[in-house]
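# A closer look at the structure
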Amino acid sequence: MGHSPSRSNGAGNPLPSRFARFRRRLRLHRRRRSGDDSASARNIAADEFAGIARIRIVKADMQFKDKFFACLSLGERTYRTDKSDNTQRPVWDSEKKVIVETNGPHIARISVFETNRFSKNTLVGYCEVDLFEMLTKDLEEHSEDLPLLDPSSSNATVGSITISCYIEDPVETEQSFARRVLAIVDYDENGTLSLSEFSDLMKAFGNKLAVAKIEELFRQADTNGDGIVDIDELAALLADQQEKEPLISNCPVCGEDLGKYDKINDMIHMTLCFDEGTGNQIMTGGFLTDKQTSYGWMFKLSEWAHFSTYDVGLHSGSTASHILVFDRRTKRIVEEVIDGKIVLSMRALYQSKVGLTLINTGVKDLLKNLSEKQGKKMNSPESAKDIPKFLELFKDQINMDEVNDPIESFKTFNEFFIRGLKPGARPIAYGDQDGIATCAADSRLMAFCSVDESTRLWIKGRKFSIEGLLGTSAHSNALRNGSLVIFRLAPQDYHRFHVPVSGTVEKFVEIPGCLYTVNPIAVNSKYCNVFTENKRAISIISTSEFGKVAFVAIGATMVGSITFLKNEGDYVHKGDEFGYFSFGGSTVICVFEKDAIQFDADLVANSERSLETLVSVGMTLGVSTRNKGLQVPELQKCSLE
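Residues numbered from 1 in each chain as written. Predicted model: local features only at pLDDT ≥ 70, side-chain atom pairs only at ≥ 80, totals over all residues. Heavy atoms only, no water.

Per an unreviewed UniProt entry, the chain is named Phosphatidylserine decarboxylase proenzyme 2, and its organism is Panicum hallii var. hallii. Word for word, the UniProt comment on the chain under Subcellular location (unreviewed entry) is "Endomembrane system". The Catalytic activity (unreviewed entry) field of the UniProt record for the chain holds the comment "a 1,2-diacyl-sn-glycero-3-phospho-L-serine + H(+) = a 1,2-diacyl-sn-glycero-3-phosphoethanolamine + CO2". (UniProt positions renumbered as here; feature names shortened; annotations may be inferred.)

Encoded structure:
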């Protein structure tokens, strides 16, 4: 029968399973990345598309009663559910479809907030879901009850949450979309189409195909010539034809012109557009971070009054109160918390000519005296009582489970601040290969191949140079016009810094200076030179793979001291502890010889957007260009094995 369903590829062979198709797609992608550079950008983009995930946040079981809402964060997008009733068992039953790429973000974070009508809602629990793990489960739909972790400790829970996830692979996406489109003109809803119904569909979408071409396509599906075809058969044909020659020139939902991108992206656009009108409860989008979804109307009003903005890149870092960074591990945008009053003070001081005048008439000495006084305070036994408050302030950003010593063992705040971690908490990538440099600190990172790039995109201080950064005692011709990477540490970070390369410590040089903040608001200011005027301690490391590398530890406001744990003449191994900063934010800058290192592609791409990357000690930084035989996979782009 012409209208009987057919599940074959046209040659009598059954189609492979969804799981098998996905696995084959990943294998094809890896082969092209490793050896076939001739593949066009369009083909690579199509291979990146792993499928569309439908994630449904169903309900939760909390340990206390309140009004709750949940957020879904993936990559640079965040969505939120509606607010629940006042209950201990909220039900949202909200879903969102998101695109999954073979080398894109795949760790989805689910956050649950208790509501506050006026100011800021409170994060009470979260969990993470690896969508690639979902792809390995060859199920129609995967439903799971997951523990909601306490933000202050990954070993404690505050309840559980039920989610379901189903991932369509590209073949399913194309065919299911075609079925939904064809159903529009299936007037009698019997699951079949006549030639006249199919012709009506083409006309409705403004397609200018000739009548003969429409009839030809229809006859290809109508194998027995009875003038009626099954929708599934015609959907498979249309999906194949859409890849060769698009049959739909405009999105039937929003009217947008198609064909601006490749065919698969047109199909993705239309699929997601159609889902907005299905009647399912769709989560609200338009957010960059889960914290952005948590602000009440009074906070939003204050943001409007201060002309702040949520945006990615330099504008956000230099003038807005929300510093957004890209989390390398989860590949999503996260927000750095800064007290609003401090932000206003930094703007006034560092982003205006009036502030420059203040800096030149005594603020430098004030910041130095304040930092010295605060440093002494943080070394006093009384300061230990501030540790719980600090942990509460950064409860979702400090994992005490990885700290080597129990909290009660710290007798001063500074002892806690320079806390060590348990062995293995920061594994060093490719520890036996000296040709691979690693990240020196838990920090927000910017990587630039030249000084010109750094001053164009990030450092706005007047006359920044490598010579000015290193001073006459540490600077050498080998480092002139070199590459540099900036590791910015925030107060909540692990404050010990590690050696990024293996080599011999040639010298240490200390340069006295100011104690400006290293916050991007100051770094992006054209009125002061944070990196070349601040107090800094410089080490020159001589390596066989990268030549000379300058390691610059920069003091900042509230930093009492910079302490190195190695001596001149010591041989250091990549990943060794090199020293630590006492209380406050601080920065490490590493300068490499010109063209001695090829930074990881993701770090460079983010830096070109003026977007800092959140990294941990031991993550890959780049590869020596002097060892041409070194072949290393890009860790941040590895796909499923």
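Next comes the rest of the description.
## Things to note about the side chain of glutamine 292
With respect to the element layout, glutamine 292 can be found in helix α9 (residues 290-293). Looking at glutamine 292, its side chain comes within polar contact range of the main-chain nitrogen of leucine 288, at 2.8 Å. (Helix = DSSP H or I, 4+ residues; strand = E, 2+ residues; numbered from the N terminus. Polar contact = N/O pair within 3.5 Å; in protein donor to acceptor, adjacent residues only side chain to side chain.)

## Description of the confidence of the model for the chain
On average, residues of the chain score 77 in pLDDT, and 69% of them reach the 70 mark or higher. The secondary-structure element of the chain with the lowest mean pLDDT is helix α1 (residues 18-35), recorded at 44, while strand β22 (residues 571-572) shows the highest, at 98. In the model, residues 301-307 has pLDDT below 50 throughout and makes five contacts with residues more than four positions away in sequence or in other chains. Contacts from residues 635-641, a stretch scored under 50 in pLDDT, to residues over four places away or in other chains number 25 contacts. (pLDDT = per-residue confidence, 0-100. Contact = heavy atoms within 4.5 Å.)

## Some details on the sheet that holds strand β14 (residues 436-438)
The three strands are arranged β14-β27-β25 in an open sheet whose pairing can be described as antiparallel. Each end of this open sheet is capped by a strand with a single partner; those strands are β14 and β25 (597-599). Averaged over all adjacent pairs, the angle separating strand axes in this sheet is 30 degrees, with direction ignored. Here three bridges tie β14 to strand β27 (residues 620-624), and the two strands are oriented antiparallel to one another. Note on β27: the bridge partner recorded for threonine 438 is threonine 620. (Pairing = 2+ DSSP bridges. Axes fitted to C-alpha atoms, helices over the stretch in contact; angles between N-to-C directions.)

## A closer look at helix α20 (residues 601-608)
Residues Asp602, Leu603, Val604, Asn606 and Ser607 constitute the buried set of α20. In this structure, the buried side of α20 is in contact with β12 (323-327), β15 (443-448), α16 (451-457), β25, β26 (612-615) and β27. A positive phi of about 55 degrees marks serine 610, the residue just after α20. (Buried < 20%, exposed > 50% of the residue type's maximum accessible area, 1.4 Å probe, protein only.)

## Here's the deal with the side chain of arginine 536
With respect to the secondary-structure elements, arginine 536 resides in strand β19 (residues 536-543). We note that arginine 536 is buried and unpaired, the nearest opposite charge coming from glutamate 533 at a distance of 8.5 Å. Within the structure, arginine 536 has its side chain in polar contact with the backbone oxygen of glycine 468 (distance 2.9 Å). Those residues in contact with arginine 536 that sit more than four places away from it in its chain are Gly468, Leu469, Val509, Glu510, Ile511, Phe531, Val552, Ala553 and Ile554. (Lys, Arg positive; Asp, Glu negative; His and termini not counted. Salt bridge = Lys/Arg side-chain N within 4 Å of Asp/Glu carboxyl O.)

## A look at the nonpolar core
In this structure, Leu445, Val485, Phe487, Phe497, Phe551, Phe592 and Leu621 are the most contacted members of the largest nonpolar core, which totals 34 residues. Formed by 32 residues, the second largest nonpolar core is a distinct cluster that contains Phe464, Ala474, Val523 and Phe531. (Core = buried A, V, L, I, M, F, W, Y, C linked by side-chain atoms within 4.5 Å.)

## As for the sheet that holds β12
The mixed open sheet is built from 10 strands, whose spatial order is β13-β12-β26-β15-β16-β24-β20-β19-β18-β22. What marks the edges here is a single partner per strand, and that holds for β13 (332-336) and β22. By the bridge criterion, three bridges tie β15 to β26 in an arrangement that is antiparallel. Bridging across to β26, arginine 444 finds its partner in leucine 614. Across the sheet, α20 lies against β12, β15 and β26, angled at about 90 degrees from β15, the strand it touches most.

## Section: the pairing of β26
The pairing of β12 with β26 spans three bridges and is classified as parallel. The residue bridging aspartate 327 from the neighbouring strand is leucine 614, located in β26.

## Some points on the pattern of salt bridges
Under the counting rule described, the total for this entry stands at 20 salt bridges. For the salt bridge of arginine 426 with glutamate 402, the shortest nitrogen-to-oxygen distance reads 2.9 Å. Here arginine 426 is found in the loop between α15 (413-417) and β14, whereas its partner glutamate 402 is found in the loop between α14 (387-393) and α15, with 24 residues between them in sequence. By relative accessible area, which is 19% here, arginine 426 ends up buried. Overall, glutamate 402 belongs to the partly exposed group, its relative accessible area being 21%. The salt bridge partner of glutamate 612 is arginine 488, with a shortest N-O separation of 2.8 Å. Of this pair, glutamate 612 sits in strand β26 while arginine 488 sits in strand β16 (residues 483-489); the two residues are 124 residues apart in sequence, bridging distant segments of the chain.

## Looking at helix α17 (residues 466-474)
Where α17 is concerned, the buried positions are Ile466, Leu469, Leu470, Gly471 and Ala474. In an axial view of α17, the angular spread of the buried residues amounts to 170 degrees, which keeps them on one side of the axis. Its buried side turned inward, α17 meets α16, β18 (503-511), α19 (530-533), β19, β20 (547-554) and β24 (586-592). (Arc of directions from axis to C-beta.)

## As for the packing of aromatic side chains
Tallied over the full model, the rule gives 20 aromatic pairs. Their ring planes at 70 degrees and their centres at 6.3 Å tell us that phenylalanine 551 and phenylalanine 564 sit as a pair that is edge-to-face. Of this pair, phenylalanine 551 sits in strand β20 while phenylalanine 564 sits in strand β21 (residues 562-564), and the two are 13 residues apart along the sequence. Here phenylalanine 551 falls in the buried class, since its relative accessible area comes to 0%. Chaining the aromatic ring pairs together yields one cluster made of Phe390, Phe394, Phe410, Phe413, Phe416 and Phe417. Above the ring of phenylalanine 69, the side-chain terminus of arginine 80 is found at 3.8 Å from the ring centroid. The cationic tip of arginine 419 hangs over the ring face of phenylalanine 416; the distance from NZ or CZ to the ring centre is 4.5 Å. (Phe/Tyr/Trp six-rings, centres within 6.5 Å; stacked < 30°, edge-to-face > 60°. Lys NZ or Arg CZ within 6 Å of the ring centre and 35° of its normal.)

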